[in-house]
Amino acid sequence: MEFRNIFCIGRNYVDHAVELGNDVPDQPMVFSKPLNSLVYADGKEIHYPGNRGEIHHELEVVLYIGKDMTDEDFWVDEIVSKMALGIDLTLRDVQSELKKKGHPWLLAKGFKNAAIVTEFWDFPGEAVCRERDFCLLRDGKTVQKGNITSMIFSFRTILAYIQANFGLKKGDIIFTGTPEGVGPISNGEKYELRWGEESKGGFGIRMNE
Ligand code: ZN
């Protein structure tokens, strides 16, 4: 698959905004990650820096744009061709410092291997997505569970907002925000991403010095 841009939505689930003590936004909060940060959850061990404070996992539904968008009206199901589950990794301590200084989040969100995705599958439509919870398991135990019905901004709103401000083209992917339950990763842990009961991929954590 070919990828173009990685867009991410921050604070798209009320309970997650609250757990970090953030305000609930009144329009989508968009940031991006470099394409270089993308890595597949294909069973391998993924390496992270062990000396930059806590790195939090954020489990998210990821949309793949299959058709260049225009400013014309649209159906989500005609623009989104595939989906995946992903983890938006965040250097949380670094991010707190950046927020205090009013600096961009790139260092905290765009580091190597900061955007994990499972294999993509054909987008089944928004209605089907509403019927399935998505889950993150750490060493076999559920740590995050979400459902898109709890999103503040719908897929449609997110697509329209990104198109209006940045343009949205075939190959762009969107991390649509994390539900509550984010927390730090540690050396040696194994993670698995599930869509309903179905395992979509996994990876191990290796913290480097
Ligand atoms: Zn996120």
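I will try to describe carefully the structure that is included in this document. Source: prediction; values computed, not measured.

1. Considering the sheet that holds strand β5 (residues 55-57)
Then step 1. If you walk across this open sheet you meet the 3 strands as β8-β5-β14, and the pairing is antiparallel. Bordering the open sheet on either side are β8 (90-91) and β14 (183-184), each of which pairs with just one other strand.
Then step 2. Sheet topology note: the β5/β14 ladder contains 2 bridges and is antiparallel. Bridged to histidine 56 within β14 is proline 184.

2. A few points about unusual backbone geometry
As a rule of thumb, non-glycine residues mostly have phi less than zero, and peptide bonds are mostly trans rather than cis.
Then step 1. Residue arginine 11 is not a glycine yet carries a positive backbone phi of 50°.
Then step 2. On the secondary structure map, arginine 11 appears in the loop between β1 (6-10) and α1 (14-19).
Then step 3. Despite not being glycine, aspartate 139 has its phi angle at roughly 45°, a positive value.
Then step 4. We classify aspartate 139 as exposed; its relative accessible area is 52%.

3. Describing the packing of aromatic side chains
By convention here, two paired aromatic rings are described through the distance between centres and the angle between planes.
Then step 1. A full pass over the atoms with the stated rule returns 9 aromatic pairs.
Then step 2. With a centroid separation of 5.6 Å and an interplanar angle of 45°, the aromatic rings of phenylalanine 3 and phenylalanine 120 are classed as tilted. Within this pair, whereas phenylalanine 3 is found in the segment before β1, its partner phenylalanine 120 is found in the loop between β9 (115-117) and β10 (121-122), the two being separated by 117 residues in sequence. In terms of burial, phenylalanine 3 and phenylalanine 120 fall into one category: buried.
Then step 3. Through pairs of rings, three or more aromatic residues link up here, namely Phe3, Tyr64 and Phe120.
Then step 4. A cation over a ring is seen here: arginine 156 above phenylalanine 74, with NZ or CZ 4.7 Å from the ring centre.
Then step 5. The side chain of lysine 200 reaches across the aromatic face of tryptophan 121, ending 3.9 Å from its centre.

Conventions adopted
Residues numbered from 1 in each chain as written. Predicted model: local features only at pLDDT ≥ 70, side-chain atom pairs only at ≥ 80, totals over all residues. Heavy atoms only, no water. Pairing = 2+ DSSP bridges. Helix = DSSP H or I, 4+ residues; strand = E, 2+ residues; numbered from the N terminus. Buried < 20%, exposed > 50% of the residue type's maximum accessible area, 1.4 Å probe, protein only. Phe/Tyr/Trp six-rings, centres within 6.5 Å; stacked < 30°, edge-to-face > 60°. Lys NZ or Arg CZ within 6 Å of the ring centre and 35° of its normal.

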